[in-house]
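# Architecture and fold: a report
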Amino acid sequence: MSRSGDGTPPAGTIVRPVIELERVTKVYRTGSIAVAALRGVSLSIAPGEYVAVIGPSGSGKSTLMHILGCLDVPTSGRYRLAGEDVGGMSETALAEVRNRRIGFVFQQFNLLSSMTAWQNVELPLVYAGVPRAERKERAMEALASVGLAGRVAHRPGELSGGQQQRVAVARALVTEPDLILADEPTGNLDSVSAADVLRLMDELHDAGRTLVLITHDAEVASASERVLGIRDGLVTENDVRYVESIR
Amino acid sequence: MSWLETFRTGVAGVLSHRLRSGLTVLGILIGIAAVILTVGLGEGAQGQVASEINALGSNVLTVTPGSSTSSTGVREALGTASTLTMSDVAALSSPVDAPDIKAVAPITSSAETLTAGSSTWTTSVQGTTPSWLTVRGRSLAQGRFIGTQDVADHGAVAVLGATTASELFRGIDPVGQTVDVNGTPLTVVGVLTSTGSSTSSSSTDQDDLVVIPISTGAERIFGGTTRNSVSSIAVQARSSGDLTAAYQETDHLLLQLHGITNPTDADFTITSEQSLISTATSVDHTLTILLSGVAAISLLVGGIGVMNIMLVSVTERIREIGLRKALGATPGVIRRQFLVEASVLGLMGGALGALLGVVGAAFLPGAVGDPITISPAAMAGALVVALVIGIAFGVYPASRAAHLAPIDALRTE
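Residues numbered from 1 in each chain as written. Chains lettered and ligands numbered in written order. Predicted model: local features only at pLDDT ≥ 70, side-chain atom pairs only at ≥ 80, totals over all residues.

### A closer look at the overall build of chain A
Short version of the rule: We count a stretch as a helix when DSSP gives it H or I for four or more residues in a row; a strand needs E for two or more, and each element gets its number in order from the N terminus. Two residues form a contact once the distance between their C-beta atoms, set from the backbone, is within 7 Å.
For chain A, the helix and strand inventory stands at eight helices and 10 strands. Counted over contacts in chain A with a minimum sequence separation of 6, partners at least 24 positions apart contribute 70%.

Next up, the structure:
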């Protein structure tokens with residue numbers, strides 16, 4: 001299995017999608033009440049794509065993000081991530097898949113406050129078993145690539161929201177994942193920092209990364225090249241008109 | 001993730017919550033220090049009792065007349081029957097018949113009133129032979145002990161115990177003075193070194209006695225009894241390992257000399273100091289167990305403290321756990337991280353508790369007056385116990401952390 005780092009497959013080969021969902025459902029049970037958060041979602045995302053998933057709250061957006069991020073497993077249906085069927089995997093195997101294949105960017109940044117920027121960035125590499133020296137080097141490179149070379153030894157509390165989110169992006173990049181999954185990455189930022197982060201996303205896209213951005217904000221979604229709408233647990237392929245309509 | 005990395009993460013986790021970690025460590029620390037001190041106190045008391053009993057003379061058997069009905073091994077009424085004689089002493093002294101016996105000291109004793117100038121003092125007067133000194137394991141502070149010649153000559157000499165000497169001759173050098181016993185003037189030739197056992201209530205004062213030649217006692221002091229009879233015979237084995245052999249030789253020889261075929265009809269009783277030691281130490285042992293029980297409970301409370309804090313820690317760090325899981329930490333890694341944190345807390349508590357125990361052992365005896373013996377084994381044991389407590393009480397919180405669903409953990413605001 002090759003990493004789709006540059007996103008441009010050699011000519012003549014069939015492009016294997018990074019994400020393939022087939023009739024995925026997710027049903028939550030609270031006592032005797034069953035709630036279907038996803039009701040048969042099928043979609044495919046190719047390497048190098050920049051996809052936004054947009055939907056109002058309660059649409060199943062978060063559930064989809066959890067399933068795409070291997071943080072949760074579908075009730076039924078099939079999910080292949082970079083050709084690997086993650087259905088029926090153990091918790092340990094899922095942790096390894098997340099570590100290897102997915103970089104997360106969260107709305108809350110989710111940096112560990114007791115660690116410096118570079119220590120936060122190297123964290124996924126610690127779990128991947130990368131030796132110390134190499135970890136630090138790669139963390140520094142990732143921080144430099146998000147424009148924080150001068151802030152590597154700062155703790156999250158000493159950084160602005162925009163800078164913290166950039167540290168989080170560096171952390172998502174550092175493992176060279178197949179997929180970068182951003183969940184409302186601009187939700188906690190002022191408009192200047194938000195634009196800053198979206199520009200960073202564009203740069204990642206230009207560098208050939210596969211990006212999935214989950215948001216309720218049509219303006220944020222419009223930064224992507226492909227928009228998927230989600231409503232009542234179903235995903236629809238959308239054009240800009242749909243985006244405009246839910247605005 | 002390697003164990004080293006897990007260890008680093010765990011230690012960092014402990015250090016990032018200093019106050020909370022410190023309070024948890026305090027709980028373990030107090031428990032461990034309490035255990036070390038109570039065990040040390042118990043061992044110290046046992047050592048004290050053992051040394052007091054050892055002061056009576058090591059490797060010594062005591063033969064007394066008449067069969068004892070006491071099951072505790074305590075000597076009963078001396079001289080209730082006069083079945084032991086000087087010929088028994090002579091036989092036991094034979095290196096051929098009793099090769100494992102090093103020395104034998106016959107003892108006749110009686111409570112007498114002593115007069116020296118205007119002072120009078122009633123104490124135990126013991127008639128014996130020169131071997132008494134080694135058999136009893138005593139030494140002289142001043143002068144000399146009674147000699148073979150004194151025994152042969154029925155010499156009018158006496159050696160005083162430290163207490164007796166100070167009671168009779170306050171401020172005067174007793175050696176060379178005369179002490180009057182039952183109207184017989186005796187010259188003091190020596191004073192025994194104090195055993196320091198006078199503080200013990202469990203044994204009679206070993207420093208309050210007068211030692212005279214056995215012949216002098218029989219001839220001049222103790223009226224009435226047959227001259228040949230003795231109150232008891234102290235038998236010293238060559239070493240503590242030979243005590244059993246010495247016991248058998250004594251038993252065999254005396255039965256033979258007294259013409260007794262059935263051992264249950266024996267007209268004498270042999271007791272060993274060993275039985276006294278074991279009786280005395282078993283009492284202290286019980287006390288130690290009791291105190292250790294109390295200390296163990298405090299340790300248990302400390303352990304529950306670790307569990308409590310670890311559970312709080314898991315709840316408080318639910319986002320951190322979720323994030324670590326999202327970034328690829330497997331349940332096993334998370335479990336190990338929390339186990340390491342719990343064991344670091346336990347170990348720190350153990351180490352600091354051991355330190356406090358040692359400091360306490362150095363200063364407490366001055367305050368409570370009892371010796372405290374800290375053994376390396378107790379220290380090592382305390383550390384192991386602290387570690388085990390950290391791990392044992394960390395298992396449940398760690399497995400709670402390990403099985404948190406990452407989405408639930410991340411969702412928490």
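### Quick look at the overall build of chain B
Selection criterion: With C-beta atoms placed from the backbone, a residue is labelled by how many other C-beta atoms lie within 10 Å of its own: buried for 20 or more, exposed for 12 or fewer, partly exposed between the two.
Each helix and strand in chain B was counted, giving 13 helices and 10 strands. The buried share of chain B, reckoned over its 413 residues, is 45%. Taking contacts inside chain B between residues at least 6 apart in sequence as the whole, the part at least 24 apart equals 82%.

### Details of the interface of chain B and chain A
We apply this condition: Each residue is assigned to one class: nonpolar for Ala, Val, Leu, Ile, Met, Phe, Trp, Tyr, Cys and Pro, charged for Asp, Glu, Lys and Arg, and polar for all the others, Gly among them.
On the chain A side, the residues contacting the 17 residues of chain B number 19 residues. For the side of chain B that touches chain A, the secondary-structure elements that each account for two or more residues are α10 (318-326), α11 (331-368) and α13 (406-411) of chain B. With five residues, α10 of chain B is the largest single contributor of residues to the side of chain B that touches chain A. Each residue belonging to the side of chain B that touches chain A can be placed in one class, and the counts come to nine nonpolar, four polar and four charged.

### What about the nonpolar core?
This is how it is decided: In these notes, a nonpolar core means any group of buried Ala, Val, Leu, Ile, Met, Phe, Trp, Tyr and Cys residues linked to one another through C-beta atoms within 7 Å.
Within the largest apolar cluster, 122 residues are counted, with the highest numbers of intra-cluster contacts made by A170 and V212 of chain A together with I32 and I36 of chain B. With 14 residues, helix α2 (residues 18-54) of chain B is the largest single contributor of residues to this core. Core analysis: the second largest hydrophobic core is formed by 51 residues, V63, A103, W132 and L186 of chain B among them.

### Looking at helix α1 (residues 61-68) of chain A
Residue and element names in this part refer to chain A. By the criterion of burial, α1 is predominantly enclosed, with eight of the eight residues buried. Every buried residue of α1 is listed here: K61, S62, T63, L64, M65, H66, I67 and L68. Within two residues after α1, C70 carries a phi angle of roughly 60°, on the positive side.

### So, the packing of α11 of chain B against helix α12 (residues 376-402) of chain B
Residue and element names in this part refer to chain B. Rules: To get an axis, fit a line to the C-alpha atoms, keeping to the stretch in contact for a helix; angles then go from 0 to 180 degrees between the N-to-C directions. Orientation categories follow fixed angle ranges, with anything under 35 degrees roughly parallel, anything over 145 roughly antiparallel, 65 to 115 roughly perpendicular, and all other angles oblique. Rotating anticlockwise by less than a right angle from the far helix to the near helix defines a left-handed crossing, while the corresponding clockwise rotation defines a right-handed one.
As a packed pair, α11 and α12 sit with axes 7 Å apart at the nearest point and diverge in direction by 150°. By the angle between their axes, α11 is roughly antiparallel relative to α12. The crossing of α11 and α12 is right-handed. When grouped by side-chain class, the residues that make up the contact of α11 with α12 number 21 nonpolar, eight polar and one charged.

### A short note on the environment of P65 of chain B
All names here are of chain B. Locating P65 in the fold gives a position in strand β1 (residues 60-65). Since 23 C-beta atoms lie within 10 Å of it, P65 is described here as buried. Residues P65 and T85 lie 20 residues apart in sequence; the distance between their C-alpha atoms is 9.7 Å.

### A word on the confidence of the model for chain A
Stated formally: Per residue, pLDDT measures the predictor's confidence, with a range of 0 to 100.
Chain-level pLDDT for chain A is 87 on average; 90% of the residues reach the 70-or-more range. Here residues 1-7 of chain A scores under 50 on pLDDT; set against residues more than four positions off or in separate chains, the count is 16 contacts.

### What about the pairing of strand β9 (residues 232-237) of chain B?
All names here are of chain B. What counts is decided by this rule: At least two DSSP bridges between two strands are needed for those strands to be called paired.
Taken across its six residues, β9 has six buried, putting it largely inside the fold. Side chains S232, A234 and Q236 of β9 all project onto a buried face; the interleaved residues I233, V235 and A237 project onto the opposite face, where all are buried too. In the sheet, strand β2 (residues 101-116) pairs with β9 via six bridges, with the strands oriented antiparallel. The residue of β9 that forms the bridge with I101 is A237.

### Focus on the sheet that holds strand β2 (residues 33-45) of chain A
Residue and element names in this part refer to chain A. On the basis of which strands lie adjacent, the open sheet formed by four strands has the order β2-β1-β4-β5 and antiparallel pairing. Both edges of this open sheet fall to β2 and β5 (84-85), since each of them pairs with a single strand only. Two strands pair when backbone bridges link them, and strand β4 (residues 76-81) and β5 are joined in this way by two bridges, in the antiparallel orientation. Note that in β5 the partner of R80 across the bridge is D85.

### Looking at the pairing of β2 of chain A
One face of the sheet, then the other: side chains in a regular strand alternate in exactly this way. The pairing of strand β1 (residues 19-30) of chain A with β2 of chain A spans 10 bridges and is antiparallel. Bridge pairing in β2 of chain A places T25 of chain A opposite R39 of chain A.

### Here's the deal with the environment of T163 of chain B
Positionally, T163 of chain B belongs in helix α6 (residues 162-168). For the pair T163 of chain B and L192 of chain B, spaced 29 residues apart in sequence, the C-alpha to C-alpha distance is 9.3 Å.

### Points about the packing of helix α1 (residues 3-15) of chain B against α11 of chain B
Residue and element names in this part refer to chain B. At a minimum axis separation of 8 Å, α1 and α11 run at an interaxial angle of 55°. Classified by the angle between their axes, α1 and α11 sit oblique to one another. The way α1 lies across α11 gives a crossing that is right-handed. Across the interface between the two elements, T6, F7, T9, G10, V11, G13 and V14 from α1 touch V333, R336, Q337, V340, E341, V344 and L345 from α11.

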